[in-house]
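Chain and residue survey
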Amino acid sequence: MWQDIRLTNPNGHNQFLGDLFEGFLDQGVKQSEGQFFTPMPICRFILMSLPLESLVRDCPTPPMAIDYACGAGHFLTELALQLQPLLEEHRPQANPAEFHKCMIGVEKEYRLSKVAKVSAFMYGQQGIQICYGDGLINRHEAFDDIRDGHFDLLVANPPYSVRGFLETLPEEERKAYTLTETINDAETANSIETFFVERAKQLLGSGGVAAIILPSSILSNGGSTYIRAREILLQYFDIIAIAEFGSGTFGKTGTNTVTLFLRRKPTQPDTAEHYRERVMECFSADDNQPVYKDAHLIEQYCAHVGVPLADYQSLLRGETEGTWKQQEHFQPYHDKFDKSTELVNLRKQKKFKALPKDEQKAEIAMRYLTYVQGIERDKLYHFCLASDQSNPVLIIRSPTGTKEIKQFLGYDWSSAKGDEGIKLIEDARGKHLTTLYDGPDHANPMRFARGNLAKLNSHIAANFNGTPAAIPAELSEMANPARLVDMLDFSRVVFEKQISLSASQKIEVVSKWPLKRASELLEIISGGTPDTGNPAYWNGDISWLSVADFSTVDRFVSTAEKSITGEGLKNSSTKLLQVGDIIISARGTVGAMAQLTKPMAFNQSCYGLRSKTEISNDYVFYVLKREIEQLKSQSTGSKFKAIIMKTFDEVKLPVPPNDIQEKLINECAAVDDDLADQRNIVTDTLDEIASFVESIYASNAPHTEIAKLSTDIQYGLNEKMNEAGIGYKIFRMNEIVQGWMVDNGAMKCADISAEEFAKYRLNKGDLLFNRTNSIEHVGKTGLFDLDSDYCFASYLVRVAPDTSKVLPLFLVKMMNSPAFQAEAKGKASKSINQSNINATVMKNIKVPVPSLTEQKQFVAKVEALEKQIAEAQAIIDAAPARKEAVMKKYL
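With that settled, consider the overall build of the protein chain. A count of helical and extended segments in the protein chain gives 30 helices and 36 strands. The 891 residues of the protein chain split such that 53% are buried. Contacts spanning at least 24 positions in sequence make up 75% of the contacts within the protein chain whose residues lie at least 6 apart.

Right under this line is the structure:
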């Protein structure tokens, strides 16, 4: 009956099917089984946040994907839809059906498993495998692909709070879960969601990615089962992002949920086992082993909890009367141990009472040491694991207001008879409006571009790819990065590994001089805007500053885009700042600062700061800029983060004598002067190189196709990449930096044979041309000049110059010239946020080719100029450290 009917566009989405299945299953199943189906917009957002492009592009075979609680199959059908355009771009010869066969859904409810099969069939994705069975069971008959460590991708919304679920799991299957050991009564146990966390750990291979929707209580619930679930998360996963959705997300359930975006840590070697062994070694140290492996992590932990390293080492060495005991961090331990049942019972024992007082004291001290070491061993272990995650966790939190939630999600629920289901919020053209993602655009721009707002999915995807971007102001109220170690509370005696979504950066100002609140030291002046409709107030001779007129780089500001008249100043709330006063951004680019070189007025997005008697304006500028994180951490606001007057009550600054202030100012100003000189050198030298390249294009040199200047033009390697250092380092587009191939220390690797590597091994003098990406990146070309073994990815093209005709450095400068880039970009095929230029088109572009003698002269001059740039850049890069050294010297 259904076989010739298609209700969807195979290249698009249709909410009708989602509503249809919701209608089929509205009664009787959800509440009794703890199941709430994932709305299609949420499915779409989650999948658009995952690194699907790299899975398609970099895997030699279709990635294995699983939803182990697939319900009506929404995630699987959406995954297949999202893979389609990626296959067309990166694997045009691939058969989508082969990818569908590698998608598996497991569903315990028989009716739902049938609906999932119908769903896949109606979408034309009948290759998707649907297994009727329990997602917590290890092996399933006729589904050999369901086995541990076999999956690259896992996405699911498993059931929550199902009483007695463990009784339905065979005894042999229970043994596979460490969580089973935490449950005393299988009949009343209802924490089924924790078992799905451990199941994800089992199913995913090394580097596999996951997105799992769970009740938000999993991050904070007490009890050994939930603590163990969080231990599994910390020990076996990098937490890429956590998205907290409010009660309006899933319709008839008011459960608050979090979606955990995860990456499986390496299994070979096992990261968790590595740090477990390291921590055990640390706590078995003695005077003969003063240097600890991973000692930098111990130092970081000590700094985090506020214990001097030397004192903490006395605990590691097992000194019962070590200096660690005097530290404030351990006072709660002492209080709790003093009231412990163990100590109370010990003091009642006749054998203990019979001991001399000094032996009783020694026994208690030894037990206290063991008690503290046990807790600290656990804390240090999980601190190391959390620190092992290089990128911060992106925390996304839904707004709380009803209207704001609808705008955030992009939909509302309707229960009106005949009009049930999700109602998408759309514009006049039918485009879905949501903060989560940008319709069909998987690689949504992260900032304003062509009228599009930044979307949250692109920032999660960037975090997955190891390239986190700054959160734009329009998203800052909903999304913020935080270090994982700052999301854990290491101060409590009972360390339950709760993961807080309200992590605040701990700011401590250390100085030998007295600390005072900024509000005591500064006059804080508010800005304002004259009536924009009155022309008599504008275009006068008083500069009127906004945030756009000064930066986080330059110390002084002397010009503004707009100006006001004396009447405008008089008839508005803006004030006139004086020479030397400081202006600071309160919104947008919070914390941008500058000093005025002439009197200027300013708008309400800024504050003017003027020092009082104890400190000078110059000193305030340098010291407040150093403590800028205090300002950012204390910023607040209902819509966007902002500095308010109260912020200056919370920020503290050191107050040294005047002569110390003067010395600090002079030495910091000298660094600034040097910095300005070096920036000018870089700018002037780059202009000189560009002019030299332009002169080559303007010369009478013959123009020749790239093909005729090359001995080989070759596409790169299409192979799955890893971050575990297994195989050969592989260059990607991001490693093209200012015309050179740069090993930034975080390169991915391709695990290929020596024979395969030989085909793609880079040789000194090779050029790599970026053939596909957003249009501004297409055509970027880098010169390879490194000594070690490297290969290159498929979206790069190797150009091996024929050195009898052209010098590599000369050719890379010609290919990066404005003329060549304009022609390459003009000939690229373009789609949404992606452009492509194939090797055939590229190699037919011509460049000027003077004689080898002239090329050598060009290269010699460019090399000398680039040496100047490198020397100047080294001084620029060292400037922050030089200023920090000055601060430490005087403060």
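Resuming the write-up.
Here we take up the sheet that holds strand β35 (residues 834–836). Taken in spatial order, the three strands make up an open sheet running β30-β35-β34, and their pairing is antiparallel. The open sheet is flanked by β30 (772–773) and β34 (829–831), the only strands paired with a single partner. When β30 meets β35, the two strands line up antiparallel, connected through two bridges. Considered in β35, the bridge of Thr 772 is made with Asn 836.

Residue Gln 268 is joined to Pro 269 through a cis peptide bond whose omega torsion reads 0°. The residue Pro 269 is located in the loop between β7 (257–264) and α11 (271–282) in this model. Although it is not a glycine, Ser 161 adopts a positive phi angle of roughly 50°. Mapping Ser 161 onto the fold places it in the loop between β4 (151–156) and α8 (171–174). Overall, the relative accessible area of 47% leaves Ser 161 in the partly exposed class. One non-glycine residue, Asn 539, lies in the positive phi region at around 60°.

All right, on to the confidence of the model for the protein chain then. Summarising the model, the protein chain shows a mean pLDDT of 85, and 88% of its residues fall at 70 or more. Residue range residues 442–453 is modelled with pLDDT below 50. Its contacts to residues more than four positions away, or to other chains, number 37 contacts.

This next bit is on the sheet that holds strand β16 (residues 562–564). Spatial ordering of the open sheet is given by β16-β14-β19, a layout of three strands whose pairing is mixed. Each end of this open sheet is capped by a strand with a single partner; those strands are β16 and β19 (601–602). Here strand β14 (residues 538–545) runs beside β19; their pairing, made up of two bridges, is parallel. In the strand pairing of β19, Trp 544 is matched with Ala 601.

So, about the packing of helix α25 (residues 658–698) against helix α27 (residues 808–815). Two elements in contact, α25 and α27, have axes separated by 10 Å at closest approach and are oriented at 90°. The angle between the axes of α25 and α27 places the two elements in the roughly perpendicular class. Contact residues: α25 offers Val 693, Ile 696 and Tyr 697, while α27 offers Phe 810, Lys 813 and Met 814. Taken together, the residues of the contact of α25 with α27 break down into five nonpolar, no polar and one charged.

On to the environment of Gly 782, then. Here Gly 782 is to be found in strand β31 (residues 781–783). For Gly 782, a relative accessible area of 0% gives the class buried.

The subject of this paragraph is the nonpolar core. Within the largest apolar cluster, 91 residues are counted, with the highest numbers of intra-cluster contacts made by Tyr 68, Leu 154, Ile 242, Tyr 312, Phe 330 and Met 487. Examining the composition of this core, we find that 11 residues originate from one element, helix α17 (residues 357–387), more than from any other. Not counting the four nearest positions on each side in its chain, Phe 330 is found in contact with Val 307, Tyr 312, Leu 315, Trp 324, Tyr 368, Val 372 and Glu 376. In this structure, Val 155, Phe 261, Ile 405 and Phe 464 belong to the second largest nonpolar core, which totals 55 residues.

Let's shift gears to the side chain of Arg 732. Note on placement: Arg 732 falls in the loop between β25 (728–731) and β26 (736–737). Residue classification places Arg 732 among the buried positions, given a relative accessible area of 14%. Look past the residues within four positions of Arg 732 in its chain and what remains in contact with it is Met 721, Met 741, Ala 746, Lys 748, Ala 793, Tyr 795 and Leu 796.

Turning our attention to the packing of helix α12 (residues 295–305) against α17. Axis separation between α12 and α17 bottoms out at 10 Å; the angle between their running directions is 110°. In terms of axis orientation, α12 runs roughly perpendicular to α17. Here α12 contributes Leu 297, Ile 298, Gln 300, Tyr 301 and His 304 to the contact with α17, which in turn contributes Glu 376, Lys 379, Leu 380, Phe 383, Cys 384 and Ser 387. Split into classes, the residues belonging to the contact of α12 with α17 amount to six nonpolar, three polar and two charged.

Once that is clear, we can look at the pairing of strand β3 (residues 129–132). Bridge count between strand β2 (residues 103–107) and β3: four bridges; the pairing is parallel. Bridging across to β3, Ile 104 finds its partner in Gln 129. Read as a crossover between parallel neighbours, the route from β2 over helix α7 (residues 110–122) to β3 is right-handed.

Mapped onto the elements of the fold, Ala 469 is located in the loop between α19 (456–464) and β11 (479–482). Residue class for Ala 469 comes out partly exposed when judged on its relative accessible area of 31%. Between the alpha carbons of Ala 469 and Pro 481 there is a distance of 9.8 Å; along the sequence they are 12 residues apart.

Moving on: the pattern of salt bridges. The full count for this structure, using the stated rule, is 42 salt bridges. As a salt-bridge pair, Glu 98 and Lys 101 come within 3.4 Å of each other at their nearest N and O atoms. The partly exposed category is assigned to Glu 98, whose relative accessible area is 38%. For the salt bridge of Glu 735 with Arg 732, the shortest nitrogen-to-oxygen distance reads 3.4 Å. Members of the salt-bridge network, linked through shared partners, are Arg 228, Glu 231, Asp 378 and Lys 497.

Once that is clear, we can look at the pairing of strand β6 (residues 237–245). A regular strand places its side chains on the two faces of the sheet in alternate fashion. For β6, the tally of buried residues reaches nine of nine residues, placing the bulk of the element in the interior. As defined by bridge partners, β6 adjoins β7 across eight bridges and the pair is classed as antiparallel. Looking at the pairing, Phe 245 lines up with Thr 257 of β7. Here β6 runs beside strand β8 (residues 393–397); their pairing, made up of four bridges, is parallel.

Procedures and definitions
Residues numbered from 1 in each chain as written. Predicted model: local features only at pLDDT ≥ 70, side-chain atom pairs only at ≥ 80, totals over all residues. Heavy atoms only, no water. Helix = DSSP H or I, 4+ residues; strand = E, 2+ residues; numbered from the N terminus. Buried < 20%, exposed > 50% of the residue type's maximum accessible area, 1.4 Å probe, protein only. Contact = heavy atoms within 4.5 Å. Pairing = 2+ DSSP bridges. pLDDT = per-residue confidence, 0-100. Axes fitted to C-alpha atoms, helices over the stretch in contact; angles between N-to-C directions. Parallel < 35°, antiparallel > 145°, perpendicular 65-115°, else oblique. Nonpolar A, V, L, I, M, F, W, Y, C, P; charged D, E, K, R; others polar. Core = buried A, V, L, I, M, F, W, Y, C linked by side-chain atoms within 4.5 Å. Right-handed = clockwise from strand over helix to strand, strands pointing away. Salt bridge = Lys/Arg side-chain N within 4 Å of Asp/Glu carboxyl O.

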